[in-house]
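Residue-level structure breakdown
Residue strings, one per chain:
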Amino acid sequence: MIVIDQHYRGYNPVQFGSESCKPGHFFGPAVRTHWLLHYVVHGFGIFVRDGVSRQVKPGEIFVIPPYEETYYEADVKNPWRYIWIGFTAEEEVPPPLKNAVIHCPEAGMIFEDMLRCGKLENGRSAFLCARLWELFSILLEEGGPSADYVEKAVSYMNAEYVNDITVSQIAESLGLNRSYFSELFRRQMGVSPQKYLIHLRMERAAELLTVYGESPSTAGLSVGYPDIYHFSKMFKRHFGISPRNYQQMYLRHREQKML
């Protein structure tokens, strides 16, 4: 099935199809220039990657990474039917795709739904892109352990620093005791979660003051400090200078560089 390369950023579908293979049908050894995922609907076959031969059965996905030699062959007695999607990736793929074969029967409904793209013309690539993200969400849930607590906490802070969040709220959102969470965070990040959150807010505020030319009150409100006096106190404690003076110093330095 023809898939027009729309050059989407991130994950970009470039190939899609399905096939009921003849007994013993094989492909390779060959190298692809993009990622390729085959979901086995029924039947069996073998998949060779990294010199290791694996039998693949229904409900499993065999993963072909770009620029790696692979080989696959349908079973002689009960050949497989599979649905495949190929895509390019400008960013890291989900960790489960590091595996040669993924057992994920839940992905079957997504691959079957991908077949509906045959009825589309202009929206085919966008439709497959959406299904690809849906597939990744399932693989991330089923394919291995969840992200660690500290990684989740950092993501939470980056998303919510504009709000009046506290370390206790972050720990509660992770289902952890505050003291235990703080110790985990300090051990991995080298600073307490409170100091990390303050540092994050101050750095974002400094960026708003300088790069975007916002006023101290707007910068403070935008990083979770509705009280301008409290914000100014925290900013000066962090940078050793008031928000207004910090902004003026930046402007003078920029003007001097332009001379």
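Data block above holds the structure.
Reference entry: report on the structure contained in this document. (Residues numbered from 1 in each chain as written. Predicted model: local features only at pLDDT ≥ 70, side-chain atom pairs only at ≥ 80, totals over all residues. Heavy atoms only, no water.)

1. A word on the overall build of the protein chain
Along its length, the protein chain carries 9 helices and 9 strands. Radius of gyration (C-alpha) of the protein chain: 26 Å, far over the 18 Å computed for a compact globule of 259 residues. Overall size of the protein chain, expressed as C-alpha extent along the three principal axes, is 75 × 50 × 35 Å. Considering the protein chain as a whole, with its 259 residues, one finds that 41% of them fall into the buried category. Taking contacts inside the protein chain between residues at least 6 apart in sequence as the whole, the part at least 24 apart equals 68%. Within the structure as shown, the protein chain displays about 14600 Å² of accessible surface, and the carbon and sulfur contribution to it stands at 52%. Charge separation in the protein chain, taken as the distance between the mean sites of 27 positive and 29 negative side-chain charges, equals 7 Å. (Helix = DSSP H or I, 4+ residues; strand = E, 2+ residues; numbered from the N terminus. Rg over C-alpha atoms; globule rule 2.2 N^0.38 Å. Buried < 20%, exposed > 50% of the residue type's maximum accessible area, 1.4 Å probe, protein only. Contact = heavy atoms within 4.5 Å. Areas by Shrake-Rupley, 256 points an atom, 1.4 Å probe, with all protein chains shown as cover. Lys, Arg positive; Asp, Glu negative; His and termini not counted. Charge placed at Lys NZ, Arg CZ, Asp CG, Glu CD.)

2. Remarks on the pattern of salt bridges
Side-chain pairing between opposite charges can occur once the charged atoms of the two side chains come close. Enumeration according to the criterion identifies 10 salt bridges in this entry. Note that D50 is salt-bridged to R49, the shortest N-O span being 3.8 Å. Since its relative accessible area comes to 57%, D50 is described here as exposed. For R49, a relative accessible area of 5% puts it in the buried group. Close ionic contact of E112 with R81 constitutes a salt bridge, the shortest N to O distance being 3.5 Å. With a gap of 31 residues between them, E112 in helix α1 (residues 108–114) and R81 in strand β8 (residues 81–89) connect regions that are remote in the sequence. Taking relative accessible area as the criterion, E112 reaches 35% and is therefore assigned partly exposed. Residue classification places R81 among the buried residues on the basis of a relative accessible area of 17%. In the salt-bridge network here, residues are joined through shared partners; they are D113, R116, R131 and E134. (Salt bridge = Lys/Arg side-chain N within 4 Å of Asp/Glu carboxyl O.)

3. Here we look at the pairing of strand β3 (residues 35–42)
Among the 8 residues in β3, 6 count as buried, and that is most of the element. Both β3 and β8 contribute to a ladder of 7 bridges, which runs antiparallel. Across the sheet, the residue bridging to W35 is F87, located in β8. By the bridge criterion, 4 bridges tie β3 to strand β6 (residues 60–64) in an arrangement that is antiparallel. Bridge pairing in β6 links Y39 to I61. (Pairing = 2+ DSSP bridges.)

Keep in mind that these numbers describe shape and distance, not what the molecule does.
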